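Spelled out from the first residue to the last, the chains are:
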Amino acid sequence: MRHGKYRFIIGFLAVPVALYAVLVISPFVQDFQISLTDWSGLTPEKHYIGFDNYQKIIHNNLFWKALWHNILMLLIVPIVTLALGLFFAFMLNVGGRRKGSASVAGVRGAGFYKIVYFFPQVLSVTVIAVLWQQIYNPDPDDGLLNSLLGHVGLTSLQQSWLGDPSIALACIMAVMVWANVGFYVVLFSAGMASIPAEIYEAVLLDGANRITTFFRITLPLLRDTVATGWVYMGIIAMDGFAFVQLMSVNNGGPNEVTDVVPLLLYKTAFRDNSQYGMAAAMGVAMLIVTLVFAVLTLRLSRRERIEF
Amino acid sequence: MTAETVDSTPGPAPQGSPPKPAPDAAAKHRWRGEGIVLNVFSHGFLWVWTLMVGVPLLWALWSSFKTSGDILAHPWSLPTHPHFDSWSRAWTKAHMGRYFINTVIVVGFSTAGTMLFGSMAAYVLARFEFFGNRFIYFLFVGGMAFPVVMVLVPLFFVTKNLGILNTLPGLILVYIAYSLPFTVFFMTSFFRTLPTSVAEAALVDGASHTRTFFQIMVPMAKPGIISIGIFNILGQWNQYLLPLVLNQGNTDKWVLTQGLADLAVQQGYQGDWSGLFAGLSIAMLPVLAVYVIFQRQVQAGLTAGAVK
Amino acid sequence: MGPQFNRRDAIKRALAIGVVAIPSASLLSACASDSGSDKPDKPAATGAKSASNPLGVKKGAPLEAFIFKGGFGDDYVKAAEQVYNSEYGIKVKHTGTQGLGPKLQPRFASNTPPDVMDNSGADNLDTAALAKENKLQDLTPLLDAPTVDDPSKKVRDVLIAGTIEQGQFGTQAMYALNYAFTVYGGWYSSKLFKEKGWEYPQTFDQAIALGAKAKKENISLFTYPGKYPYYVHFDLLAQIGKVGGKEVLNAIDDLEDGAWQVDAVKQVIGYYEELAAKKYFMPGSEGMTHIQMQTAWTKGKAAIVADGSWVENEAAPTMPKDFDLAVGPLVGSGPSDKLPFGTIYAAAGEPYIVAANGKNPVGGMELLRIMLSKKETDNFTNTTKSLTCVTGAADGLSLTPGLASASAALKAAGPNVLNSRLQDWYVKLNQETLGNLTLQLLTGKINAAKWIEGAQKAADATKNDSSVPKFKHV
């Protein structure tokens, strides 16, 4: 039995751990080593320079600025996406007029909404960026958003969107939310559909309205699902640099208000005099910040029985 | 629809779920009044989001039938006489068909592989105590915080040394490796929530660990496997950076995101907008069709996994 | 027992491939010392030199071309490859793509680069850094080889003046052959100007007066793509050179102390401040891509755009048939300028580079020699509506309106052709740091003094940054 157990454990772990070690861990270890060098990424030569790159990063204002934007994204994008996902899912499942004796009902056409909302999920980021660049086009005739605002008489709300430093980052985050909400609507409404209606009927007696129902019943029951979504959205938000790279003006502009660390890293590694060593150091620094952040979030959200 | 299944669904009772007397008429009436307001309100919001999602996509679709000059000069106009040449251009010149097949192959194998290896590792980590268990677990979980952009160059060398650079199997292995952290993280917590008694009984009956896993645990974990699998399918389908760097060889082996990125960049220089929109429609429509056909199954899978 | 050990061995072996292959002492040696078949120390292919094969290309030796596929497409390279194929009995391996940086960098680092590359477009590799790291073949043998069309002429004798300098990075060696010749300036519709009875402005004052006239007609004088603010610098930098002379521009390129704090800079930036204050830039430009801005311009919402001669090809889908595209030379202060009206900014672009440690550098140079032949330059000009770096290559061809105008402007300018090297020597400084300042200047968020202060600070920071390779005019 014992022997069998260890053989089984090793047998089951061998392939995943090997794959992971070779393709994920080893490149990261290499990256850490590279971060201690002045490697350009272009030649086999490199020299160890200790922690010089890290020292430079600490004094690099742009790095901190970019990191702050990352943290903003990490906080705002998942919250807004999940909140909208929950809101729409709740509307779909509980927002409808009741029929017969049922105390809660979904809205009519819930299936239709769930199909439409899912659409952006099948688009790749390049396509989303191209689409939204047309939407955000500041031209009052050609830009979808501005011409829409013009048609309904809200000319004063017309903006240069991605070109306006005060809203550019918000514009990009809005696209990230847009692209991801649909999946969570489907995910959460699947969860809500499996909550027995009796539970709703029970709180009804307590004189609860739908809003308190949501917070007292729906949310606690969907806790695990929301947590899963939270982590996944966190990963997406961190990788959100593709959105910034493709959409922002002047590569993280205007005036650096949309720059994020992965984009800075990308530019440093592949463009600005090919400083791969420096870029690797940025990656390591960001990794450390993210890990701290992740541990904190998990600590804060870990209560009750959810075991991470 | 929820109400009908109430009686037959035992459903997991929330902690401290109250007794369930029939709601009295007054409370029901209050809900009804509120329901009408909420109904209008929820339909309003749901429609706003429907338009936000639907209009850009319909716009892209109908634009693919216009000429490039028309798209830019009169973005809102309907196609005067449909041009299908952009579709044939996207299909033949931009090889969208071939990329589509490649993507299906890559995502099919990599999602299957991810779920197989991820579940195997997660099961062992969740159910067996052995030296190094926590270490391996945190190694996997930590991977969620790794920004992929940081490892591109080292990963390029690792795959090159293994001889899997610019090959579809190589891409599959890389996708699996980078999907493992999220998968292991959630499948581990999922396996922990499953009852142990069935598996123990099977072991006592003389079944091997391997057999117990595949014949008993996997069917029990099916809801979790399906919902995490859907996360992975979507994530891998839209993967953008990894193929860009690791699969840049022969265009015969490109995946959709590469083809679309190529079209998107190309459009920036040559202004072939109708080709771009046709390509995007080709990429988008089959996936949407698949989703529409299988949405019940997808939702059923998610439902089962959503509330434990 | 047995299988268990085997599995362990398998894990070990798998780990060894990934992890142990990077000995920490010299980790990059791992990158260089891979598979073996394509070791860099393998001698490059060479063959016997002859009159028809002056560079000594080895017949049958493979050649790989990695070409940026942007506004010019890559068909013109494929056409030249056809010639190469039939001449040397091999099929050139061709890749036409974009975003070359992340794709090429690992290949350079592993010493397996393609032989010849068109390192252009967004996200390209830093040519300056490649030159600095000795990754590029000195193209002097190509310059000294006879041309395809006339064996009595050397390649260096047929290139437009400035092409060789454009490929130099602080030494006499030429590392990049910039194939396309671009004329920059204020692009406008002659038809619109004729209709409205406008004259292309020669001085800042005239431009501002024209701006007022245009505004009455609900047309903005200028537009620019906020996504790529360095488009504005095509005019702005060259205007500094026109007002203050080439030395002023060279001092800026050389990152000299106080180079931005001279009177010429103040005059030019002051002009932009005034244009911004009077709102002569098309509103919303700051949030537009180059395509969006060009579309608005071809619709007649803005009169003039600072752009390169590629705009004719790029804006073709929306440009009305009777647009009658033309380019105007640099606008300056007036007679006090060091250089007369008619001075233009023109430079060779599309840097073709040959890898120094590729498998067939000679073949790479030969492909470039073929591309410089009359047949191929004619093909390029006809299909892309652009000039090449070969003198008089466009002679005798029927040119489109924009190209004819650019060609005439280039002729009229004579020796008064300016070129700012800041754009390829210090990409980040020009595009991002100065680009951000320019965006703010044009949207009225900062004034000229602030722009100049910021530019000087950024130039000084670049100068003091040891990680940035420095170049000087020779």
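Residues numbered from 1 in each chain as written. Chains lettered and ligands numbered in written order. Predicted model: local features only at pLDDT ≥ 70, side-chain atom pairs only at ≥ 80, totals over all residues. Heavy atoms only, no water.

For chain C, the name recorded in an unreviewed UniProt entry is N-acetylglucosamine transport system substrate-binding protein, with Actinacidiphila guanduensis as its organism. The UniProt entry for chain C carries the following text under Sequence similarities (unreviewed entry): "Belongs to the bacterial solute-binding protein 1 family." (UniProt positions renumbered as here; feature names shortened; annotations may be inferred.)

An unreviewed UniProt entry lists chain A under the name N-acetylglucosamine transport system permease protein, from Actinacidiphila guanduensis. Among the UniProt annotations of chain A, the heading Sequence similarities (unreviewed entry) holds the following wording: "Belongs to the binding-protein-dependent transport system permease family." According to the UniProt record, the Subcellular location (unreviewed entry) comment for chain A reads "Cell membrane".

**Student:** Explain the overall build of chain C to me, using residue names and the numbers behind them.
**Tutor:** The number of helices and strands found in chain C is 21 helices and 10 strands. Over its C-alpha atoms chain C spans a radius of gyration of 25 Å, differing by no more than 12% from the 23 Å that the globule rule assigns to 474 residues. Put simply, chain C has 474 residues, and 61% of those count as buried. In the structure as shown, chain C presents an accessible area of about 17,700 Å², 53% of it carried by carbon and sulfur atoms. (Helix = DSSP H or I, 4+ residues; strand = E, 2+ residues; numbered from the N terminus. Rg over C-alpha atoms; globule rule 2.2 N^0.38 Å. Buried < 20%, exposed > 50% of the residue type's maximum accessible area, 1.4 Å probe, protein only. Areas by Shrake-Rupley, 256 points an atom, 1.4 Å probe, with all protein chains shown as cover.)

**Student:** Outline unusual backbone geometry, supporting the account with residue identities and numerical values.
**Tutor:** One non-glycine residue, Glu-256 of chain A, adopts positive backbone phi at about 65 degrees. On the secondary structure map, Glu-256 of chain A appears in the loop between helix H11 (241–247) and helix H12 (261–270). Even without being glycine, Asn-111 of chain C reaches a positive phi, approximately 60 degrees. By relative accessible area, Asn-111 of chain C is classed as buried at 10%.

**Student:** Before we move on, could you go through a nonpolar patch on the surface and cite the residues and values that matter?
**Tutor:** Residues Phe-112 of chain A together with Trp-47, Leu-51, Val-55 and Trp-76 of chain B make up a contiguous nonpolar surface patch of about 470 Å² in total accessible area. The biggest single contributor to the nonpolar patch is helix H2 (residues 25–63) of chain B, with three residues. Its location among the elements puts Phe-112 of chain A in helix H4 (residues 110–118). (Patch = residues over 30% accessible without salt bridge, like charges linked within 9 Å, V, L, I, M, F, W, Y side chains within 5 Å. Salt bridge = Lys/Arg side-chain N within 4 Å of Asp/Glu carboxyl O.)

**Student:** Tell me about helix H11 (residues 230–244) of chain C, and please be specific about residues and values.
**Tutor:** All names here are of chain C. Its 15 residues place the ends of H11 21 Å apart at the C-alpha level, agreeing with the 21 Å of an ideal helix rising 1.5 Å per residue. The element H11 is extensively covered by neighbouring structure, given that 15 of its 15 residues are classed as buried. Remark: Gly-245 follows H11 within two positions and exhibits a positive phi of approximately 95 degrees. (Expected span 1.5 Å × (residues − 1).)

**Student:** Tell me about the packing of helix H5 (residues 125–136) of chain A against helix H7 (residues 168–193) of chain A, residues and numbers included.
**Tutor:** Residues and elements named next belong to chain A. Contact pair H5 / H7: the axes reach a minimum separation of 11 Å and the direction vectors enclose 125 degrees. By the criterion of interaxial angle, the relationship of H5 to H7 is oblique. For the pair H5 and H7, the sense of crossing is right-handed. Of H7, the residues touching H5 (which contributes Ile-128, Trp-132 and Tyr-136) are Cys-171, Ala-174, Val-175, Trp-178 and Ala-179. Across the contact of H5 with H7, the residue classes break down as eight nonpolar, no polar and no charged. (Axes fitted to C-alpha atoms, helices over the stretch in contact; angles between N-to-C directions. Parallel < 35°, antiparallel > 145°, perpendicular 65-115°, else oblique. Left-handed = near helix turned anticlockwise from the far one by under 90°. Contact = heavy atoms within 4.5 Å. Nonpolar A, V, L, I, M, F, W, Y, C, P; charged D, E, K, R; others polar.)

**Student:** Outline empty space enclosed by the protein, listing residues and values.
**Tutor:** Applying the stated criterion across every chain yields a total of 15 cavities of 30 Å³ or more. Estimates place the volume of the second largest cavity at around 900 Å³. If you go around the second largest cavity, you meet 41 residues; those closest to its centre are Tyr-232, Ile-236 and Asp-239 of chain A together with Gly-235 and Gln-239 of chain B. Listing elements by their share of the lining of the second largest cavity, those giving two or more residues are helix H1 (2–34), H5, H7, helix H10 (223–238) and H11 of chain A together with helix H8 (168–193), helix H11 (222–237) and helix H12 (241–246) of chain B. Class assignment for the residues of the lining of the second largest cavity results in 29 nonpolar, 11 polar and one charged. (1 Å grid on protein atoms, 1.4 Å probe; cavity = no way out; pocket = protein on both sides within 12 Å on 5 of 7 lines; lining within 4 Å. Points joined across faces, edges and corners; volume = space filled by probe spheres on them.)

**Student:** Mind laying out the confidence of the model for chain A, listing which residues take part and the relevant values?
**Tutor:** Residue and element names in this part refer to chain A. Residues of chain A with pLDDT of at least 70 account for 91%, and the chain-wide mean is 83. Per-element averaging of pLDDT across chain A places helix H8 (residues 197–205) at the bottom with 75 and helix H3 (residues 61–94) at the top with 90. Of the regions scoring below 50 in pLDDT, residues 303–308 engages in 16 contacts with residues more than four places distant in sequence or in other chains. (pLDDT = per-residue confidence, 0-100.)

**Student:** Quick rundown of the nonpolar core? Include the residues and the values.
**Tutor:** In this structure, Leu-123 and Phe-188 of chain A, Met-96 and Phe-191 of chain B together with Trp-260, Tyr-272 and Trp-451 of chain C are the most contacted members of the largest nonpolar core, which totals 322 residues. No other element matches H7 of chain A, which puts 17 residues into this core. Here this core spans two domains, since at least three of its residues come from each of domain 1 (64–182 + 347–406) and domain 2 (183–344 + 418–464) of chain C. Membership of the second largest hydrophobic core comes to 38 residues, among which are Ala-145, Ile-164, Leu-367 and Leu-372 of chain C. (Core = buried A, V, L, I, M, F, W, Y, C linked by side-chain atoms within 4.5 Å. Domains from an automatic or database assignment.)

**Student:** Talk me through the pattern of salt bridges; I want residue IDs and the actual numbers.
**Tutor:** Tallying each qualifying case throughout the model produces 19 salt bridges over all chains. A salt bridge links Asp-142 of chain A to Lys-299 of chain C; the shortest N-O distance between them is 2.4 Å. Taken together, the positions of Asp-142 of chain A in the loop between H5 and helix H6 (144–151) and Lys-299 of chain C in the loop between helix H14 (290–298) and strand E6 (302–308) put the pair across two chains. What makes Asp-142 of chain A buried here is its relative accessible area of 2%. Across the pair Lys-463 of chain C and Asp-257 of chain C runs a salt bridge whose closest N-O atoms are separated by 3.1 Å. Separated by 206 residues along the polypeptide, Lys-463 of chain C in helix H21 (residues 448–464) and Asp-257 of chain C in the loop between helix H12 (246–253) and helix H13 (263–277) bring together distant segments of the chain. When salt bridges that share partners are traced, they join Asp-139 and Asp-141 of chain A together with Lys-301 of chain C into one network.

**Student:** Talk me through the interface of chain A and chain B; I want residue IDs and the actual numbers.
**Tutor:** With 120 residues of chain A at the interface, the matching set in chain B holds 120 residues. Carbon and sulfur atoms supply 76% of the area buried between chain A and chain B, which totals about 11,200 Å² over both sides. Our enumeration of links across chain A and chain B arrives at zero salt bridges. Here chain A is connected to chain B by 10 residue pairs in polar contact (both at pLDDT 80 or more). Here the side of chain A that touches chain B gets 23 residues from one element, more than from any other, and that element is H1 of chain A. Looking at side-chain class alone, the side of chain A that touches chain B contains 81 nonpolar, 24 polar and 15 charged residues. (Buried area = accessible area lost by both parts, 1.4 Å probe. Polar contact = N/O pair within 3.5 Å; in protein donor to acceptor, adjacent residues only side chain to side chain.)

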